Amino acid sequence: MTVWDMGRMRRGPNWPVPNNGRPAWYGMGMMRLVAHPTTIPAGKVTVRVVNEGTVTHEVIVLPLSAGQTAGERAIGSDGRVSEAGSLGEASRTCGSGAGDGIASGAAAWTTVTLRPGRYELLCNVPGHYAAGMYTELDVTK
Ligand SMILES: [Cu+2]
């Protein structure tokens, strides 16, 4: 599986501002995180991330509870969401697991075991979740 971050996406003043009132984009434009594919079978998967953006990013795997949608997590005063319950993190430039972030243009990966269910992949660099860096990943039996 590959997760793409498209940091160089279009920008514009008319994008809706998230309900926490923070600006919807930071300097380089809207941020996006796209999973290919968006549905995978349960088991051991390696989440591979390519940072196509202009700034450092990361990807964290968190479960979604029933009725919860990607993008709904509460954002703290530090611009980040809680990582409690994290199943894995790809944030090491050209490496596996947790690190200091994935540099622009670099890849990172992490291997996680996922049971059937719904998950959220997100970037928890301050401000990035609010800027739209999250997506849902569905795991089937
Ligand atoms: Cu990011």
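Since we're looking at a predicted model, the values are computed, not measured.

About the thresholds
- Residues numbered from 1 in each chain as written.
- Predicted model: local features only at pLDDT ≥ 70, side-chain atom pairs only at ≥ 80, totals over all residues.
- Heavy atoms only, no water.
- Buried < 20%, exposed > 50% of the residue type's maximum accessible area, 1.4 Å probe, protein only.
- Helix = DSSP H or I, 4+ residues; strand = E, 2+ residues; numbered from the N terminus.
- Pairing = 2+ DSSP bridges.
- Lys, Arg positive; Asp, Glu negative; His and termini not counted.
- Salt bridge = Lys/Arg side-chain N within 4 Å of Asp/Glu carboxyl O.
- Polar contact = N/O pair within 3.5 Å; in protein donor to acceptor, adjacent residues only side chain to side chain.
- Contact = heavy atoms within 4.5 Å.
- Donors = N, O, S within 2.8 Å, 3.2 Å for Na, K, Ca; no water.
- Tetrahedral: all angles 85-135°; square planar, octahedral: opposite > 155°, others 65-115°.
- pLDDT = per-residue confidence, 0-100.
- Core = buried A, V, L, I, M, F, W, Y, C linked by side-chain atoms within 4.5 Å.
- Axes fitted to C-alpha atoms, helices over the stretch in contact; angles between N-to-C directions.

Enquirer: Tell me about the pairing of strand β5 (residues 59-63), and please be specific about residues and values.
Expert: Regular strands place side chains that alternate from one sheet face to the opposite one. Counted residue by residue, β5 has four buried out of five residues, so it is predominantly covered. Pairing of β5 with strand β6 (residues 88-90) involves three bridges; the strand directions are antiparallel. Considered in β6, the bridge of Ile60 is made with Glu89. The pairing of β5 with strand β8 (residues 117-122) spans four bridges and is antiparallel. Bridge pairing in β8 links Pro63 to Tyr119.

Enquirer: Just give me the short version of the side chain of Glu58, but keep the residues and values in it.
Expert: By the element assignment, Glu58 lies in the loop between β4 (43-51) and β5. Although buried, Glu58 forms no salt bridge, and the nearest oppositely charged side chain, Arg80, lies 4.4 Å from it. Polar side-chain contacts of Glu58 include one of 3.1 Å to the backbone nitrogen of Asn124. Beyond its immediate sequence surroundings of up to four residues, Glu58 is in contact with Arg80, Glu83, Glu89, Ala90, Ser91, Ile102, Leu122, Cys123, Asn124 and Val125.

Enquirer: Kindly report on the coordination of the copper ion, identifying the contributing residues and their values.
Expert: Four donors placed tetrahedrally around a metal ideally meet at 109.5 degrees, and six donors placed octahedrally ideally meet at 90 or 180 degrees. Protein-derived ligands of the copper ion are His57 (ND1), Cys123 (SG), His128 (ND1) and Met133 (SD), with the metal-ligand distances lying across 1.9 to 2.5 Å. Coordination at the copper ion comes from four donor atoms whose angles at the metal span 90 to 134 degrees, giving a geometry best classed as tetrahedral. On the primary sequence, the residues serving as donors to the copper ion are separated as H-x65-C-x4-H-x4-M. Of this pair, His57 sits in the loop between β4 and β5 while Met133 is found in the loop between β8 and β9 (134-140), placing the two residues 76 residues apart along the sequence.

Enquirer: I'd love a proper account of the confidence of the model for the chain, names of residues and values included.
Expert: Residues of the chain with pLDDT of at least 70 account for 79%, and the chain-wide mean is 82. Contacts of residues 6-29 to residues separated by more than four positions or lying in other chains number 45 contacts, the stretch itself having pLDDT below 50.

Enquirer: I'd love a proper account of the nonpolar core, names of residues and values included.
Expert: By size, the foremost hydrophobic cluster in this structure holds 23 residues, and its most contacted members are Leu114 and Leu121. For this core, the secondary structure elements donating two or more residues are β2 (33-36), β4, β5, β7 (107-114), β8 and β9. Ranked by size, the runner-up nonpolar core spans five residues in total, among them Ile60, Leu62, Val81 and Tyr129.

Enquirer: Describe in detail the sheet that holds β6, supporting the description with residues and values.
Expert: Reading across from one edge, β3-β9-β8-β5-β6 is the order of the five strands in this open sheet, with mixed pairing throughout. Since the sheet does not close on itself, it has two edges, and those belong to β3 (39-41) and β6, each with one partner. Geometrically, the sheet is characterised by an average inter-axis angle of 30 degrees between neighbouring strands, direction not taken into account. The pairing of β3 with β9 spans three bridges and is classified as parallel. Within β9, the position partnered with Ile40 by the bridge is Val139.

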